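Report on the structure
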Amino acid sequence: MEPMPQSPLIDGFGRRIRYLRLSVTDRCDLRCRYCMAERMAFLPKAEVLSLEELEAVADAFIARGVEKIRVTGGEPLVRRDVLQFMARMGRRLEKGDLKELALTTNATRLAAHAEGLAAAGVARVNVSLDTLDDAVFERLTRRNRLSDVLKGIDAAQAAGLAVKINTVALKGVNEHEIPSLIAWAHGHGMALTLIEAMPLGEIDEDRADHYLPLTAVRERLEQSWTLAPLMKSTGGPARYVRIEETGGELGLITPLTNNFCAGCNRVRVTCTGELYSCLGDDGKIDLRAALRGFAPARALDAALDRAMIMKPERHHFEIARGAAPSVARPMSMTGG
Ligand code: SAM
Ligand code: SF4
């Protein structure tokens, strides 16, 4: 049996926390309509944690048994010193303190960074891509960057990184493209995970117009493909199937139609050091105050204990016409 850290992070429902999603910026070079409004008020840079502070946060979690860190944002690759941070985290991998260092990106800047990420010890990147159609991409993200994204994916694969595609399923936007996106990803040796849009943050449109339950998508896929359930458990929210006709894996993340919180193993920290124990809850703990105050190591440790008490049993998301978002802060702020 694996040795346990001195005091592992276990919440009030007996769930062991082994996974940290760490946001390094809330800024982004895209404006995906389901994620952000066109005019976003970004956080003042002075409030954002320095590299040293991000490292101290990561170390506090690692000391309490966190084995996997996913760096995210906003768009993590728009932060100028992000590669330096990844390289420093890579040293924790070499020492064996950390088992996995991963990144979630929109891939617009991945071509320039793929080799650096691989050198830092990153083994896999999740690329968010909702369409392969230039016009749809531009309408959805409000930016004309699909060719950069595709170059980024190629560069990542050439650098030896395993790439997984994440796709938010959107009614009337990419609904009809989902089978071809899956076939494309599988044809390029990449797994693809579909995600239900979540009611997080104010956007410029009504989420009810584009919400697409994955129960409906799955039924449609089953009309032409054989979806064989895979028993693998990653401790994450996705349920996996293998599509026999393509030979590839499809993940389904269903925060609305099929709750998965019982197996939750993660918490999130924003780029300003706010610790959220649940994506769907406003409860937060200020790690920046702990970091910048007296006896930071002890204060951080105590903050992690408080987060374990605070973590709710589950999220409650609902998308209804005209309704306010279930949670006011967007995914780009919490760290997706
Ligand atoms: N910018 C990076 C990217 O897009 O990969 C990382 C941050 S982004 C917030 C992380 C993931 O959250 C993306 O896959 C995005 O599609 C997803 N996302 C953002 N807002 C969402 C929402 N309201 N519902 C579901 N997924 C969302
Ligand atoms: Fe940016 Fe990612 Fe949000 Fe799109 S989903 S706007 S790429 S943070």
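As the structure is a computational prediction, the values presented were derived from the model and not from experiment.

Rules used in this analysis
- Residues numbered from 1 in each chain as written.
- Chains lettered and ligands numbered in written order.
- Predicted model: local features only at pLDDT ≥ 70, side-chain atom pairs only at ≥ 80, totals over all residues.
- Heavy atoms only, no water.
- Buried < 20%, exposed > 50% of the residue type's maximum accessible area, 1.4 Å probe, protein only.
- Helix = DSSP H or I, 4+ residues; strand = E, 2+ residues; numbered from the N terminus.
- Pairing = 2+ DSSP bridges.
- Right-handed = clockwise from strand over helix to strand, strands pointing away.
- Axes fitted to C-alpha atoms, helices over the stretch in contact; angles between N-to-C directions.
- Parallel < 35°, antiparallel > 145°, perpendicular 65-115°, else oblique.
- Left-handed = near helix turned anticlockwise from the far one by under 90°.
- Contact = heavy atoms within 4.5 Å.
- Nonpolar A, V, L, I, M, F, W, Y, C, P; charged D, E, K, R; others polar.
- Core = buried A, V, L, I, M, F, W, Y, C linked by side-chain atoms within 4.5 Å.
- Phe/Tyr/Trp six-rings, centres within 6.5 Å; stacked < 30°, edge-to-face > 60°.
- Lys NZ or Arg CZ within 6 Å of the ring centre and 35° of its normal.
- Near = heavy atom within 4 Å.

A large share of strand β1 (residues 19-23) lies buried, amounting to five of its five residues. Note: β1 against strand β2 (residues 68-72), five bridges, orientation parallel. Bridge pairing in β2 places R21 opposite R70. At this point the chain moves from β1, through helix α1 (residues 51-63), to the parallel β2, and the crossover so formed is right-handed. Inspection of the sheet shows β1 paired to strand β10 (residues 266-269) by four bridges, in the parallel sense. Across the sheet, residue L20 finds its bridge partner in β10, namely V267.

We now examine the packing of α1 against helix α2 (residues 82-95). The interhelical angle for the contact between α1 and α2, taken along N-to-C directions, is 30 degrees, at an axis separation of 11 Å. The pairing of α1 with α2 is recorded here as roughly parallel in orientation. Relative to α2, α1 is oriented so that their crossing is right-handed. Between α1 and α2, the contacting residues are L51, E52, L54, E55, A58, D59 and I62 on the first element and Q84, F85, R88, M89 and R92 on the second. In terms of residue class, the contact of α1 with α2 is built from six nonpolar, one polar and five charged.

Judged by nonpolar contacts, the single largest core of 89 residues is most densely connected at F61, I69, M86, V125, I165 and L287. Looking at this core, the element that brings in the most residues is α1, giving seven residues. In contact with I69, other than residues within four places in its own chain, are L20, L22, A58, I62, M89, L98, E100, L101 and A102.

A few words on the environment of M89. Along the polypeptide, M89 turns up in helix α2. Discounting residues that sit within four places of it in the chain, M89 has contacts with E55, A58, I69, L98 and L101.

For the coordinates displayed, the defined rule picks out zero aromatic pairs. Above the face of the Y19 ring, K68 is positioned so that its terminal group lies 4.6 Å from the ring centre.

Inspection of the secondary structure assignment puts E175 in the loop between β5 (162-169) and α6 (178-187). When neighbours within four sequence positions are excluded, E175 is seen to be in contact with L170, L212 and R220.

Ligand 2 sits among C28, L30, C32, C35, M36, G74, N106 and S332. Within the shell around ligand 2, the residues separate by chemical class into five nonpolar, three polar and no charged.

This next bit is on the sheet that holds strand β11 (residues 274-276). Strand order in this open sheet of 12 strands is β7-β8-β9-β6-β5-β4-β3-β2-β1-β10-β11-β12, and the pairing throughout is mixed. The sheet is open, and its two borders are formed by β7 (227-229) and β12 (284-286), each paired with just one other strand. Across the sheet, the mean angle from the axis of one strand to that of its neighbour is 25 degrees, orientation sign disregarded. Judged from the three bridges that link them, β7 and strand β8 (residues 239-243) form a sheet pairing that is antiparallel.

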